[in-house]
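# Descriptive structure summary
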Amino acid sequence: MEKIITYFGADSKVGVTMITQSVANVLALKLKKQNKGEKVLLLHLDGKTGFEYTTKKGGSLDGIKAAVSSDVLALEELLDVCAQDENLYMLKGTSNLLERKSYEDSFVKKLLQAAEKAFDHILIDAGSSVDLGLAIGSLIHSNKNLLVATQQTTCFESYMLKEEQIFNPLQITFDTLIINKFAYSSGRMLETENSLMEKYGIKKSVCIPLADYGWQAEFERETIMAYHKPYSQGIRKLANKIYLQMPVAGKEPLFKGVFRKKV
């Protein structure tokens, strides 16, 4: 089952953490309402702590590093170190700036092997840094990689450097393009959804509309979903699309009425 989904940013300003937290929130809540008994794990493997948009408290990756590396991590220990919100579990990333580059991709593989035994869905916030073993390990060992980008030219240029020097040599590919902070334009200044899919060479896409609530969300430790209905609809569409792509027979959409036919 394709239960491990990695979200990676084309550059550092695209909002990967916000999107990953938002999708994790709506996925866990909907599964809870449907009484499916499924547990969701959100991992912050971007070299940062990653708890900007939640008020929950929990342990961090640093606290289980030795156990994971030694292949002795117990499921109870993994569950205990996570912050829990009903059926959503969240593991804070590394808070030790001097140690963030000491994690290797093999560590991520071991962590995911342990997590798969306890969770039905695993979402990874992998940030945008290709010089971190945590991020590269997330992209190599997940079942599906999603690329978060914007309409900005600088974002595409940043991605191309990573593709040429890292992704192509390691055969890392992306299943879906998430166009965050999307704005429609009647002129030629902004790229369209179709033109961006062509440029990035990714056949599937989801647009998350631009919302001017970033500072408020950060201050109140909430996602933008709490303030902006179009953003919330975009996140639900993304959660639906990813959930339905997982190969489980008889699966129904998490949300109804969020899809619109492309024109």
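Residues numbered from 1 in each chain as written. Predicted model: local features only at pLDDT ≥ 70, side-chain atom pairs only at ≥ 80, totals over all residues. Heavy atoms only, no water.

## A word on the pairing of strand β2 (residues 40-44)
Our working definition: For each residue, the accessible area found with a 1.4 Å probe, counting protein chains only, is set against the maximum for its type, and the residue is called buried under 20%, exposed over 50%, and partly exposed in between. Put simply, DSSP marks the helices as runs of H or I at least four residues long and the strands as runs of E at least two long, and each gets a number from the N terminus on. In this description, strands pair whenever DSSP reports at least two bridges between them.
Summarising burial for β2: five of the five residues are buried, a large majority. Side chains V40, L42 and H44 project from β2 onto one buried face, and the interleaved L41 and L43 project onto a second face that is buried too. Bridge count for β2 against strand β4 (residues 88-91) is four bridges, and the pairing is parallel. When the sheet's bridge partners are listed, L42 is paired in β4 with M90. Pairing geometry for β2 and strand β5 (residues 121-125), over five bridges, is parallel.

## Some remarks on the pattern of salt bridges
This is how the line gets drawn: Definition used for salt bridges: Asp or Glu carboxyl oxygen within 4 Å of a side-chain nitrogen of Lys or Arg.
A complete count under the given rule lists six salt bridges for this structure. For K101, the salt bridge is made with D131, and the minimal N-O distance between the two is 3.4 Å. Here K101 is found in the loop between β4 and α4 (105-115), whereas its partner D131 is found in the loop between β5 and α5 (133-141), with 30 residues between them in sequence. Of the charged contacts, one joins E191 and K199 as a salt bridge, the two residues approaching to 3.1 Å between their closest N and O atoms. On the accessibility criterion, E191 (24% relative accessible area) is partly exposed. Each of K144, D175 and K204 takes part in a single network of salt bridges with overlapping partners.

## A look at the sheet that holds strand β7 (residues 176-182)
This is how it is decided: Think of each axis as a best-fit line through the C-alpha atoms, taken over the contacting stretch in the case of a helix, with angles from 0 to 180 degrees between the N-to-C directions. The criterion used for residue contact is that any of the two residues' heavy atoms lie within 4.5 Å.
Pairing is mixed across the open sheet formed by eight strands, whose spatial order is β3-β4-β2-β5-β1-β6-β7-β8. The outermost strands of the open sheet, each flanked by one partner alone, are β3 (83-85) and β8 (204-209). The average undirected angle you get between the axes of adjacent strands in this sheet is 20°. Set on the sheet, helix α1 (residues 16-33) makes contact with β1 (4-9), β2, β4, β5, β6 (144-149), β7 and β8; between it and β5 the angle comes to about 165°.

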